[in-house]
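# Per-entry structural report
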Amino acid sequence: MFTHDDLSNYLFIATARGFWQPEQADLVRQYVPRFFEDAVTLAARRGPAIADATGRWAFPAHAVDADTLRSGERCLSDADPIPALRRKLADQLDDLGRALRVRQA
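Below is a summary of the structure that appears in this document. Keep in mind it's a predicted model, so treat the numbers as computed, not measured.

### Topic: the overall build of the protein chain
- A count of helical and extended segments in the protein chain gives six helices and zero strands.
- In sequence order, the protein chain lays out its α and β elements as α-α-α-α-α-α.
- Computed over C-alpha atoms, the radius of gyration of the protein chain comes to 13 Å, within 12% of the 13 Å expected from 2.2 N^0.38 for 105 residues, which places it in the range of a compact globule.
- Projecting the C-alpha coordinates of the protein chain onto the three principal axes gives extents of approximately 45 × 30 × 20 Å.

Encoded structure:
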């Protein structure tokens, strides 16, 4: 069985890009809250390249809801992610907040 530490950067990115498929939202919903905690741990262990890939490709961008936004904001304020992940999360959460505002309008 592979873990995320066993995957090369290339395979990690390929796996991350394929994981959050919008048409499978119900199937992966349980993993959305876990993303933030696991992303911080993974980025700290594997460094800036994986932190960047995690924030860019593994972020649950399909989960446009207030709970995801709150979880992400809590992660930024409480979990102290490494700078590469912090920047990507801030960008993703900005996009997520904008999407929520558009949906509410």
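There is more to say, and it comes next.
### Quick word on the packing of aromatic side chains
- By the definition in use, this model includes five aromatic pairs.
- Between Phe19 and Trp20 the ring centres are 4.8 Å apart and the planes differ by 85°, which places this aromatic pair in the edge-to-face class.
- Phe19 sits in the partly exposed class, given a relative accessible area of 36%.
- On the basis of relative accessibility, which here comes to 11%, the residue Trp20 falls in the buried class.
- Between Phe35 and Phe36, the ring centres sit 5.0 Å apart and the planes meet at 80°, which makes this aromatic pair edge-to-face. In this pair, the class of Phe35 matches that of Phe36, namely buried.
- Put simply, the rings of Phe19, Trp20 and Tyr31 pair up and form one aromatic cluster.
- Geometry around Trp57 places Arg17 over its ring, the cationic atom sitting 4.2 Å from the centre.

What counts, and at which threshold
Residues numbered from 1 in each chain as written. Predicted model: local features only at pLDDT ≥ 70, side-chain atom pairs only at ≥ 80, totals over all residues. Heavy atoms only, no water. Helix = DSSP H or I, 4+ residues; strand = E, 2+ residues; numbered from the N terminus. Rg over C-alpha atoms; globule rule 2.2 N^0.38 Å. Phe/Tyr/Trp six-rings, centres within 6.5 Å; stacked < 30°, edge-to-face > 60°. Buried < 20%, exposed > 50% of the residue type's maximum accessible area, 1.4 Å probe, protein only. Lys NZ or Arg CZ within 6 Å of the ring centre and 35° of its normal.

Spatial relationships are all this shows, so hold off on functional conclusions.
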